[in-house]
Amino acid sequence: MACGTALVYDEEMMSYKLLWDDPECSIEVPERLSSSYKRLQDYDLVKRCIQLPVREATDEEITLVHSHDYLQVVKSTQTMNEKELKEISQKYTAVFYHQNSFRCAKLSLGGTLQLVDAILTREVQNGMAIVRPPGHHSQRNQGNGFCVFNNVAIAAEYAKKKYKLERILIVDWDVHHGQGIQYIFEEDPSVLYFSWHRYEHKTFWPYLRESDYDVIGRGKGTGFNINLPWNKVGMGNADYIAAFFHVLLPLAFEFNPELVLVSAGYDSAIGDPEGRMCATPECFSHLTNMLMNLAGGKLCAVLEGGYNLRSLAESVCMTVRTLLGDPLPRLTGEMTPCHSALESIQNVRAAHTPYWKCLLYNEIKSAHDPSSEGDSQHSSDQQQNFDTAMFDIFLDSHMKKIEFAVPPLRTCAVLPEGCCLALPDGVLVEEKTATREHIIACSSSLPNELLEKETMLATLGKMLVILNKLLEYQTMNSIVLSPDSSVCATFAIKHVLASPVKRLLCINIGDLGILHEFDNDGEYVCLNICGTYPTGMSNRQIYLKWTESPNEYSSFFYIIFCCILPLAYNYQPDFIIITTGSNRTIGDKDISLLISLLQGLANGRILTIIPETEPKLGQKLVKCLSDSPGEKHFGPHRAPSLENIQNLKEKLDIIEKEWKMLQCSGAVNDPQELRTKRLKNRNMIVMEQAKAQGQTVVGQRGRRI
Ligand code: X5A
Ligand code: ZN
């Protein structure tokens, strides 16, 4: 079975550089590779990966996408002098050639193909190629935007040809539009290409009309090209995550790829001089984690851009760490997407509505005049004074705040007497139990007669031990097979609310009966997913009605991305309790997918409580929780029913007023309020914090000189 994360790196790809003065190209430096690799070593991530050697790509591989003429041109650069190199470079846009460019471009592509081979032959589960030159701008007949050969596009063609793949997803999170990839697959329905990019109404490089949201592919490929243009700079974590929930992920799950290729550019991260966006490094952990639930976890990340060396290195590390299966750091910042982002999201959803079943009932709100509204000050604020040193200082203090500790144990389980689940490695069956007195002291609100059953006491005793392990970060997550889900859930919720945990998210699936009262001494949000719901709902007790027909493919991914995850990400819980009861209307796979995605939150701290009568479900969930390789096969999916969507819509209309991540249209409730919030959060927190610290540092330097 495939397991492990591959890393492709070779310092030989540092052996070319810009030889003349060209401000546009000067940011693409060899140190981009070494500083990323160095940081991976600092974090001890290199030795946890399986190192793959690079190789030279062959002519045949290069011409899977490029013309023989262009190949000859690149070949000929090997023997050119500086003047000739400069001349040939000037025939193209924003690209430079060096005598070693051909060799490095062959290694960059060959390294990428090595990774694809390792993943598709199940040698490894996933991996990242730290390579240069990048690829996504290069085209059949030309280099472009620092790119020589289109690594990712060729990787897709290679996988189609060699492994007979029929569906490949390319996610291009680089801040530039990978127009090269778009051109290559425009008419190809077997490759779904998603790119978000700084666009600013066509005033940002490469200034192409075809980068806009309404360019969706041609012929058979119509609907398989997804462009999400950002019309403002300063997009941050909430905007990126919202784009994944409301655009990419629903379409990607419906597409059900066999392989995910990531054009992993980090010029979309904070501090990048090209992108001028605000996403912090841990955002890339979350993006990666979500994509790992597609294609059975077969994910191949290939470096593209990224020009702030510090930000680039930290973000690369976040990606690799996540591929390795470590718990995810918390996302920082206010979870409120900005108006301009929502507008872009709405536009691309509308453009794709005819081509995707999961958008079938997408409400098209009146289109906005793109130039009229929102966030305008924001953009101008950020244009001036771009100061890389300031971001280094911000990143220094930011990275120190991130929790990287991995609990000694991944998964603990409480199993009923005599139950034998085949447990994967890294799962500990709890044998210790708390004393009767201790249990009773912790369950003051439970009716006494419930505690009389021996089996109940045994379960609660062990669960109490596990709860404390979770609270002390001794274990990351856990599962309890219990004789009574409702009693166990009440006990657990009460215990967590009495602890220092600030925000608890409870998700109840199916009928749990009445959860016993608990005092309102802590904050929690409770999401109930069932076939029926009581009337009345508060912002803290949310009932969602969702029914899947058994024996059919599921459409549960729909409600996960349009509702459950946005809500959960909005809330930013410190602890998650998931309980399943009787009469649940969704299947084992649905719950597995949900749990798999929720592990991105609360540092992975999840307690799962299921009925002891469901060992098969227990088996599946324990594999998910323990991150057993090869368990993430969730597709294919089907379109949601009109009835489910209508029920959901009713709820969403009410709760999206409080939970801003639920919004997927620019028709926001209060743009003014959002604007103010956004300015406060992005500019003040990031900029002022960095500035304040920056001034101190500048002062110190001054004194020293
Ligand atoms: C790979 C990449 C950017 C080129 C920018 C030219 N290229 N202005 O990020
Ligand atoms: Zn880029």
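Please read all numbers here as calculations on a predicted model, not as lab measurements. (Residues numbered from 1 in each chain as written. Chains lettered and ligands numbered in written order. Predicted model: local features only at pLDDT ≥ 70, side-chain atom pairs only at ≥ 80, totals over all residues. Heavy atoms only, no water.)

Visitor: Tell me about the state of the cysteines, and please be specific about residues and values.
Guide: Each disulfide consists of one covalent bond between the sulfur atoms belonging to two cysteines. The final tally for this structure, using the stated rule, is 0 disulfides. For cysteine 562, which is in no disulfide, the shortest distance to another cysteine sulfur is to cysteine 563 and amounts to 5.8 Å. Accessibility expressed as a relative area gives 14% for cysteine 562, which makes it buried. (Disulfide = S-S within 2.5 Å. Buried < 20%, exposed > 50% of the residue type's maximum accessible area, 1.4 Å probe, protein only.)

Visitor: So what about the pattern of salt bridges? Which residues, and what values?
Guide: Per the counting criterion, the structure on display carries 31 salt bridges. Two residues, arginine 32 and glutamate 28, come together in a salt bridge whose shortest N-O distance is 2.7 Å. On the accessibility criterion, glutamate 28 (2% relative accessible area) is buried. Of the charged contacts, one joins glutamate 552 and arginine 638 as a salt bridge, the two residues approaching to 3.2 Å between their closest N and O atoms. You can see glutamate 552 sitting in the loop between strand 14 (541-545) and helix 17 (556-571) and its partner arginine 638 sitting in the loop between helix 19 (615-625) and helix 20 (642-655), a full 86 residues away along the chain. Accessibility expressed as a relative area gives 48% for glutamate 552, which makes it partly exposed. Taken together, the shared-partner salt bridges in this structure form one network comprising Lys38, Arg39, Asp42, Arg310, Glu314 and Asp396. (Salt bridge = Lys/Arg side-chain N within 4 Å of Asp/Glu carboxyl O. Helix = DSSP H or I, 4+ residues; strand = E, 2+ residues; numbered from the N terminus.)

Visitor: Residues and numbers for the site of ligand 1, please.
Guide: Near ligand 1, the surroundings consist of 14 residues, among which Glu24, Gly145, His176, Asp267 and Tyr307 are the closest. One of the side-chain N or O atoms of glutamate 24 is found 2.8 Å from a nitrogen atom in ligand 1. At a separation of 3.0 Å, a nitrogen atom of ligand 1 approaches a polar backbone atom of glycine 145. With the chains in place, 98% of the 310 Å² that ligand 1 exposes on its own is no longer accessible. (Near = heavy atom within 4 Å. Polar contact = N/O pair within 3.5 Å; in protein donor to acceptor, adjacent residues only side chain to side chain. Areas by Shrake-Rupley, 256 points an atom, 1.4 Å probe, with all protein chains shown as cover.)

Visitor: Describe helix 15 (residues 454-471), naming the residues involved and giving the relevant values.
Guide: Helical geometry: 3.6 residues make up each α-helical turn, so side chains three or four residues apart lie on a common side. Between its first and last C-alpha atoms helix 15 spans 26 Å; for 18 residues at 1.5 Å apiece the expected length is 26 Å, and the two agree. Most of helix 15 sits inside the fold, with 14 of its 18 residues counted as buried. Immediately beyond the C-terminal end of helix 15, within one or two residues, lies tyrosine 473, with a positive phi of roughly 60°. (Expected span 1.5 Å × (residues − 1).)

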